[in-house]
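Observations on the model geometry
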Amino acid sequence: AILFGMLDYVMDHNWFISLSFLLRITESLGSTAALVAAFSITAAVFPQSVGTTFATLEVFYGVGYVVGPTIGGLFFAIGGFKLPFIVNGLAMLLFALFIAYILPPLHQEAQPKPGAGIMEFLKVPGVLLNSAAVVATTISMGYYSATLEPHLRVFKLPPIAMGLMFVISGGTYACVAPIVGRICDRWAYPKRVISIGCLLIVLSFTIVGPAPFVPLPT
């Protein structure tokens, strides 16, 4: 993140694009490692309430989705392009040191089954279906973030109202995630919840579009 902020000093166009891709790939690797480790630790420490605990982690994802752009915009206004990345990089460094020092070691009780790789898991129909659902919902979130602003541009909303449209998504995510997690742990079968969630996404995209058969003005 800190190096990405330093790209402001790179004047050559080709070098800027190349380094941007390289740093973003590196950042994605680090983010993936942190998320996978966090979920693995959660499943190991809270095996009886995985749904609720995972949902609690997702709350913080939603909070970051809401607060991040606001804080980033504030730092950008104060110190320009590089300040948000420097602050974020230093914060992540402090968090990494704090976690390494505070987090107790985990004792692995069960040994992994020999030959149990990712392809073996994907051969299980339930795992493959759940993975496809996760991919589809993640794509829908990315598609929504990329296309909502041009879609709303015709309404000539003020910047604050335009920003609130994106805050609604992250805020709703943060509020609903723990409720859904508790429902999965206590009352409902998780696969049914996945099906309902996918149907709600289809319904929302049908209305936002709107679909040609929906009698709404575009």
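Conventions used here
Residues numbered from 1 in each chain as written. Predicted model: local features only at pLDDT ≥ 70, side-chain atom pairs only at ≥ 80, totals over all residues. Heavy atoms only, no water. Phe/Tyr/Trp six-rings, centres within 6.5 Å; stacked < 30°, edge-to-face > 60°. Helix = DSSP H or I, 4+ residues; strand = E, 2+ residues; numbered from the N terminus. Buried < 20%, exposed > 50% of the residue type's maximum accessible area, 1.4 Å probe, protein only. Patch = residues over 30% accessible without salt bridge, like charges linked within 9 Å, V, L, I, M, F, W, Y side chains within 5 Å. Areas by Shrake-Rupley, 256 points an atom, 1.4 Å probe, with all protein chains shown as cover. Salt bridge = Lys/Arg side-chain N within 4 Å of Asp/Glu carboxyl O. Axes fitted to C-alpha atoms, helices over the stretch in contact; angles between N-to-C directions. Parallel < 35°, antiparallel > 145°, perpendicular 65-115°, else oblique. Contact = heavy atoms within 4.5 Å. Nonpolar A, V, L, I, M, F, W, Y, C, P; charged D, E, K, R; others polar.

An unreviewed UniProt entry lists the protein chain under the name Major facilitator superfamily (MFS) profile domain-containing protein, with Cuerna arida as the source organism.

1. A word on the packing of aromatic side chains
Summed over the entire model, instances satisfying the criterion amount to 1 aromatic pair. Between Phe-4 and Phe-85, the ring centres sit 5.0 Å apart and the planes meet at 45°, which makes this aromatic pair tilted. One end of the pair, Phe-4, is in helix H1 (residues 2–5); the other, Phe-85, is in helix H4 (residues 82–102), with 81 residues separating them in the sequence. Looking at Phe-85, the relative accessible area reads 24%, which means it is partly exposed.

2. Points about a nonpolar patch on the surface
Taken together, Met-92, Phe-95, Phe-98, Ile-99, Tyr-101, Ile-102 and Leu-103 make up a surface patch of nonpolar side chains, about 810 Å² in accessible area. Structurally, Met-92 is set in helix H4.

3. A few points about the packing of helix H3 (residues 50–79) against H4
Two elements in contact, H3 and H4, have axes separated by 7 Å at closest approach and are oriented at 125°. It follows from the interaxial angle that H3 and H4 lie oblique. Residues Gly-72, Phe-75, Phe-76, Ile-78 and Gly-79 of H3 lie in contact with H4, whose contacting residues are Lys-82, Leu-83, Pro-84 and Val-87. Considered class by class, the residues forming the contact of H3 with H4 number 6 nonpolar, 2 polar and 1 charged.

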